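Observations on the model geometry
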Amino acid sequence: MLPAVFATTEDNKPVPMVVDRDALSLYTTPKETFNYVETEAGKLESGITSIRTSLQPYSAWCQDVYGNIRPKVQRVTRFGNEVCAYLRQPPDGFYPRAGIIGFAGVVGFFLARGSRIKRIIYPAGLIAIGSTLYYPEQAVAIGKSTGDSVYDCALQSYVALDKLVRPGKKQNSPSDPKP
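Residues numbered from 1 in each chain as written. Predicted model: local features only at pLDDT ≥ 70, side-chain atom pairs only at ≥ 80, totals over all residues. Heavy atoms only, no water.

**Topic: the overall build of the protein**
Put simply, the rule reads: For helices the rule is a DSSP run of H or I covering at least 4 residues; for strands it is a run of E covering at least 2, with both sets numbered from the N terminus onward. Three exposure classes are used, based on accessible area relative to the maximum for each residue type with a 1.4 Å probe and protein chains only: buried under 20%, partly exposed in between, and exposed over 50%. For the area figures, the Shrake-Rupley method with a 1.4 Å probe applies, and any residue is considered shielded solely by the protein chains shown.
Along its length, the protein carries four helices and two strands. Taken from the N to the C terminus, the helices and strands of the protein come in the order β-β-α-α-α-α. Relative to its 179 residues, the protein shows a buried fraction of 4%. With the model as given, the accessible surface of the protein reaches about 16800 Å², and the carbon-plus-sulfur share is 63%.

**What about a nonpolar patch on the surface?**
What counts, and what does not: Like charges within 9 Å and nonpolar side chains (Val, Leu, Ile, Met, Phe, Trp, Tyr) within 5 Å are joined into patches, using only residues over 30% in relative accessible area that form no salt bridge. Salt bridge, as used here: a side-chain nitrogen of Lys or Arg that lies within 4 Å of a carboxyl oxygen of Asp or Glu.
Together, F79, V83, Y86, L87 and Y95 make up an exposed nonpolar region whose accessible area comes to about 490 Å². The element best represented in the nonpolar patch is helix α1 (residues 43-88), accounting for four residues. Judged by its relative accessible area of 36%, L87 falls in the partly exposed class.

**Things to note about the packing of aromatic side chains**
To keep it simple, the criterion reads: Aromatic rings from Phe, Tyr and Trp, taking only the six-membered ring of Trp, are treated as a pair when their centres fall within 6.5 Å; an angle between ring planes under 30 degrees marks them as stacked, one over 60 as edge-to-face, and anything in between as tilted.
Taken as a whole and assessed by the stated rule, the structure comprises two aromatic pairs. An angle of 90 degrees between the planes, with centres 5.4 Å apart, marks the rings of Y86 and F94 as edge-to-face. For F94, a relative accessible area of 17% corresponds to the buried category. Among the aromatic residues, ring-to-ring pairing joins Y86, F94 and Y95 into one connected group.

**A look at the confidence of the model for the protein**
Where we set the bar: Within a predicted model, pLDDT stands for the predictor's per-residue confidence, ranging from 0 to 100.
Mean pLDDT over the protein stands at 82; residues scoring 70 or higher make up 78%. The secondary-structure element of the protein with the lowest mean pLDDT is strand β1 (residues 5-8), recorded at 60, while α1 shows the highest, at 93.

**Points about the packing of helix α2 (residues 94-111) against helix α3 (residues 116-134)**
Rules: Between N-to-C directions, angles span 0 to 180 degrees; the directions come from axes that are lines fitted to C-alpha atoms, helices contributing only their stretch in contact. Roughly parallel means an angle under 35 degrees; roughly antiparallel, over 145; roughly perpendicular, 65 to 115; everything else is oblique. Crossing handedness: left-handed means the near helix sits turned counterclockwise from the far one by under a right angle, and right-handed means the same turn made clockwise. In what follows, a contact means two residues having at least one pair of non-hydrogen atoms within 4.5 Å. All amino acids are sorted into three groups, where Ala, Val, Leu, Ile, Met, Phe, Trp, Tyr, Cys and Pro are nonpolar, Asp, Glu, Lys and Arg are charged, and the leftover types, Gly among them, are polar.
Look at α2 against α3: their axes get within 7 Å of each other, and the N-to-C directions meet at 155 degrees. Classified by the interaxial angle, the pair formed by α2 and α3 is roughly antiparallel. Crossing angle aside, the handedness with which α2 passes α3 is right-handed. Contacts from R97, I100, I101, A104, G105, V107, G108, F109 and L111 of α2 reach α3 at R119, Y122, P123, L126, I127, G130, S131 and Y134. Across the contact of α2 with α3, the residue classes tally to 11 nonpolar, four polar and two charged.

Here you go:
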C-alpha cells in the first residue's frame, strides 16, 4: 500500500495526489559504477612471494616424504601396541622361555671371542637353537622357507659362476640337435 502525499498549488489548495515510492529521491539509490583497481604489491608482499616460490619444491618434497613415511610409522606403532597387549597377558611359560633364549644369546657373546664372524654367528646360533627347542612348529616353517630361498640363491650363484668360468660354452636347448 502506497502512502498518500498531498501537494499544494500556488493558491494553497491541497490537491490529493498519489506518488510512486520509486519516484521519491528518498527511497531511490543512485546508480553507481564501481571500478576494481588492484593494489600493487609492496616490498614485504613481494619478498614473501619470492621466499614462498623458492621454498615450494622443498615443501613438496617434505610432503612427499611425509606421505611415504606415515604408513610405515603407523605400521610400527600398531605393531608396538600389539606387542604391548601381548606382553600384558602372555601365555603360560612365556617369560621363562624368553629368559632362557636371551641367556643363550648372552652366553654366545661370551663364547665369541676372537673374530667378528664368531661375534655374529655364536649369539645368533645359540638364540636360534633355544628358539627351536621351545617353538618347534614355527622353527620348521621358517626352516622350510629359508631352505627354499637358500637353494634358489645357491642355484643362481652356480649358474652365474658357470657362465663366468666357461663363457664360450653355448647352452643346448631341448630342440637343438646334439653335436
